[in-house]
Amino acid sequence: MMRRRELLAAWRPLAAALAGLGLLPSAVYWWRSTRSGDSSSSDWADAGPTAGLLEDVWQPRSLEIERRNRWRVDRERHTVYARRRGTGFEVVSSVCPHTGCLVQRDGAGFACPCHWSHFDGEGRPLDGPAPRPLDRLEWRLEAGRLRVRLVNFRPGAARSEPLRP
Ligand code: FES
């Protein structure tokens, strides 16, 4: 007859295997999210109907994007400036390329309230510490609505350098 100690020793590997099976779904989920290498569901966000956009007049458009980070979903709100240009559109980020404050409309251009950079109507810096023009954003049309690809850019750099979300 098996003694109690031998019985426990025989059951230990089985108990460990069962515990391992319990962790399997979490491990698979983690592995799949790591393999995709993408913490964002989509960088494209709806910036509203194109009907209200005027030729050469920058208009603020508020948009929301969902960012997935493994099990967490964050909703971010952003403002971009868009205008009609010929047969297409132009969209710039409202994030100042100096250190990331939000620019505001100022006459035909923009001004940053943090360190007083000014930008002309094309988004080019006129004065202040901003090292480059306002960052241009990709856009596309979907059923009469403007969709914008939101990208964060490296602050302080002389050229637009996209950062991973
Ligand atoms: S953050 Fe805009 S000028 Fe410094």
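Reading the values: rules and limits
- Residues numbered from 1 in each chain as written.
- Predicted model: local features only at pLDDT ≥ 70, side-chain atom pairs only at ≥ 80, totals over all residues.
- Heavy atoms only, no water.
- Pairing = 2+ DSSP bridges.
- Helix = DSSP H or I, 4+ residues; strand = E, 2+ residues; numbered from the N terminus.
- Core = buried A, V, L, I, M, F, W, Y, C linked by side-chain atoms within 4.5 Å.
- Buried < 20%, exposed > 50% of the residue type's maximum accessible area, 1.4 Å probe, protein only.
- Contact = heavy atoms within 4.5 Å.
- Phe/Tyr/Trp six-rings, centres within 6.5 Å; stacked < 30°, edge-to-face > 60°.

1. Description of the sheet that holds strand β5 (residues 104-106)
Argument step 1. Strand order across the open sheet formed by 4 strands is β5-β6-β7-β8, with antiparallel pairing between neighbours. Only two strands of the sheet have a single neighbouring strand rather than two, namely β5 and β8 (125-127).
Argument step 2. In this sheet, strand β7 (residues 118-119) lies alongside strand β6 (residues 109-111) in antiparallel orientation, the contact comprising 2 bridges. The residue of β7 that forms the bridge with Ala-111 is His-118.

2. Some words on the nonpolar core
Argument step 1. By size, the foremost hydrophobic cluster in this structure holds 15 residues, and its most contacted members are Leu-63, Val-80, Val-91, Leu-137, Leu-146, Val-148 and Leu-150.
Argument step 2. Within the residue set of this core, elements represented by two or more residues are β1 (44-49), β2 (59-69), β3 (72-85), β4 (88-93) and β10 (145-149).
Argument step 3. Each residue touching Val-80, except ones within four places of it in the same chain, is listed here: Gln-59, Pro-60, Arg-61, Leu-63, Val-91, Val-92, Leu-137 and Leu-150.
Argument step 4. In this structure, Val-92, Cys-112, Ala-130 and Leu-134 belong to the second largest nonpolar core, which totals 11 residues.

3. Here's the deal with the packing of aromatic side chains
Argument step 1. In this structure the tally under the stated criterion is 3 aromatic pairs.
Argument step 2. Note on Phe-89 and Trp-139: the rings are 5.4 Å apart at their centroids and 85° apart in plane angle, and the pair reads as edge-to-face. Taken together, the residues Phe-89 in strand β4 and Trp-139 in strand β9 (residues 139-142) connect sequence positions 50 residues apart.
Argument step 3. An aromatic cluster is built from Trp-58, Tyr-81 and Phe-110, whose rings are joined through pairwise contacts.

4. Some details on unusual backbone geometry
Argument step 1. One non-glycine residue, Asp-56, lies in positive phi territory at about 65°.
Argument step 2. Position of Asp-56 among the secondary structure elements: in the loop between β1 and β2.
Argument step 3. Using a relative accessible area of 41% as the deciding quantity, one classes Asp-56 as partly exposed.
Argument step 4. Here the phi dihedral of Ala-143 falls at roughly 50°; this positive angle occurs in a residue that is not glycine.
Argument step 5. The topology assignment puts Ala-143 in the loop between β9 and β10.
Argument step 6. Using a relative accessible area of 83% as the deciding quantity, one classes Ala-143 as exposed.

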